Amino acid sequence: MGGMLAMQLHAVGRPLVAAEVPRPEAGEGQLALRVEACGVCRTDLHLLDGEVEVPRLPRTLGHQIVGRTVDGRRVGVPWLAWTCGTCRYCASGRENLCVNARFTGRDVDGGFAEHAVADERFCFSIPEDLPAAQAAPLLCAGLIGHRAHRMAGDARRLGIYGFGSAGHILCQIATWEGQEVFAFTRPGDAAGQAFARDTGAAWAGGSVGAPPEPRDAAIVFAPDGALVRAALRAVAPGGTVVCGGIHMSDVPGFPYAELWEERSIRSVANLTREDARQFFALAPRVPVRTRVTEYELSAVNRALDDLRHGRFEGSAVIVP
Ligand SMILES: [Zn+2]
Ligand SMILES: [Zn+2]
């Protein structure tokens, strides 16, 4: 079948390695894809750093794939690669919590490569009118942001802590739905705050700054547990704080009074195909426009480093 370039995790804590590997062949029920674009996600940093375990190495990371099938269709491949369909979570509409789930770019090879294969049942159709690089961030940042947004419930004022790939997509949807968005960035990140205002946020400032007024709900995308408490202190009675990341530093202790009055804290994990169906119906109506910085496949380590240090606004995307 020939070979291809894949950027693989060989050892935790080390940069991804450029490897010449056999082109993957599609098995039963799988699609063979030529990768057109693959988004970079903070989860990739957690995998790289060993904060989220990769069961077997080497592994090709990348779980926001826009690919072209052999018969010319364009599809998107998300983080959720496979579920068992029979466990109690799968049987109750919560396949995101499937006890046997496999995830793209963790349990199966992902899209930091020239080609990939994916289970067709977990692929979504991607419209041709959206450039591949702009569509890629929708496949994790968009989908998980949407799930977090639904978990936040009805809120007139919504706080977003960490205004990156997921934040800038969600802000567009929230403002389109009539919510007032308060965006919290790293303190002193004037460019990030300006980007948030350009994207529709009513207010943007540093995450340790004084909140302008109580929010009805907040979503924490930044992997800093201290922000969970900051968000909790800034939500009104009855408000929910949703943690949108797969890994976070420890959440500091806090007095019960800060949780009192029916405030709640919850996390979101992964996505269901139903989330994707809803999100891909909604996104074109807004319409969601992603801000992307493109990198060549061989430059994925630079993209990851730029993400770690906040060197771009919006999303980073690998374009092989
Ligand atoms: Zn992700
Ligand atoms: Zn299951």
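Above: the structure in question.
Residues numbered from 1 in each chain as written. Chains lettered and ligands numbered in written order. Predicted model: local features only at pLDDT ≥ 70, side-chain atom pairs only at ≥ 80, totals over all residues.

**Looking at the nonpolar core**
Nonpolar side chains in soluble globular proteins tend to end up buried together.
Turning to step 1, where the next piece is worked out: Of all hydrophobic cores here, the largest spans 98 residues; its most connected members are Phe-112, Ile-160, Ala-183, Val-220, Ala-231 and Ile-318.
Turning to step 2, where the next piece is worked out: When residues of this core are sorted by domain, at least three fall in each of domain 1 (3-139 + 271-318) and domain 2 (143-267).
Turning to step 3, where the next piece is worked out: Those residues in contact with Ala-231 that lie beyond four places of it in its chain are Gly-159, Tyr-161, Ala-218, Val-220 and Val-241. (Core = buried A, V, L, I, M, F, W, Y, C linked by C-beta atoms within 7 Å. Buried ≥ 20, exposed ≤ 12 C-beta atoms within 10 Å, placed from the backbone. Domains from an automatic or database assignment. Contact = placed C-beta atoms within 7 Å.)

**Comments concerning helix α3 (residues 141-151)**
Residue pairs three or four apart in sequence face the same way in an α-helix, which turns once every 3.6 residues.
Turning to step 1, where the next piece is worked out: Among the eleven residues that make up α3, nine are buried, leaving the element largely enclosed by the rest of the structure.
Turning to step 2, where the next piece is worked out: Turning to α3, its buried residues number three or more, namely Ala-141, Gly-142, Leu-143, Ile-144, Gly-145, His-146, Arg-147, Ala-148 and His-149.
Turning to step 3, where the next piece is worked out: Looking at the buried residues of α3, the elements they touch are β3 (30-40), α4 (165-176), β14 (215-220), β15 (235-243), α7 (273-282) and β18 (315-318).
Turning to step 4, where the next piece is worked out: Once α3 ends, the next one or two residues include Gly-153, with phi positive near 70 degrees. (Helix = DSSP H or I, 4+ residues; strand = E, 2+ residues; numbered from the N terminus.)

**Section: the packing of α3 against α4**
Turning to step 1, where the next piece is worked out: Interhelical geometry of α3 versus α4 gives an angle of 55 degrees and a closest axis separation of 8 Å. Relative to α4, α3 is oriented oblique. Pair α3 / α4 crosses with right-handed handedness. Here Ala-141, Gly-142, Ile-144, Gly-145 and His-149 of α3 come into contact with α4, specifically with Ser-165, Ala-166, Ile-169, Leu-170, Ile-173 and Ala-174.
Turning to step 2, where the next piece is worked out: The class makeup of the residues in the contact of α3 with α4 is seven nonpolar, four polar and no charged. (Axes fitted to C-alpha atoms, helices over the stretch in contact; angles between N-to-C directions. Parallel < 35°, antiparallel > 145°, perpendicular 65-115°, else oblique. Left-handed = near helix turned anticlockwise from the far one by under 90°. Nonpolar A, V, L, I, M, F, W, Y, C, P; charged D, E, K, R; others polar.)

**With respect to the packing of α3 against α7**
Turning to step 1, where the next piece is worked out: Axis separation between α3 and α7 bottoms out at 9 Å; the angle between their running directions is 100 degrees. The angle between α3 and α7 falls in the class roughly perpendicular. Residue-level contacts link Gly-142, Leu-143, His-146 and Arg-147 of α3 to Asp-275, Ala-276, Gln-278 and Phe-279 of α7.

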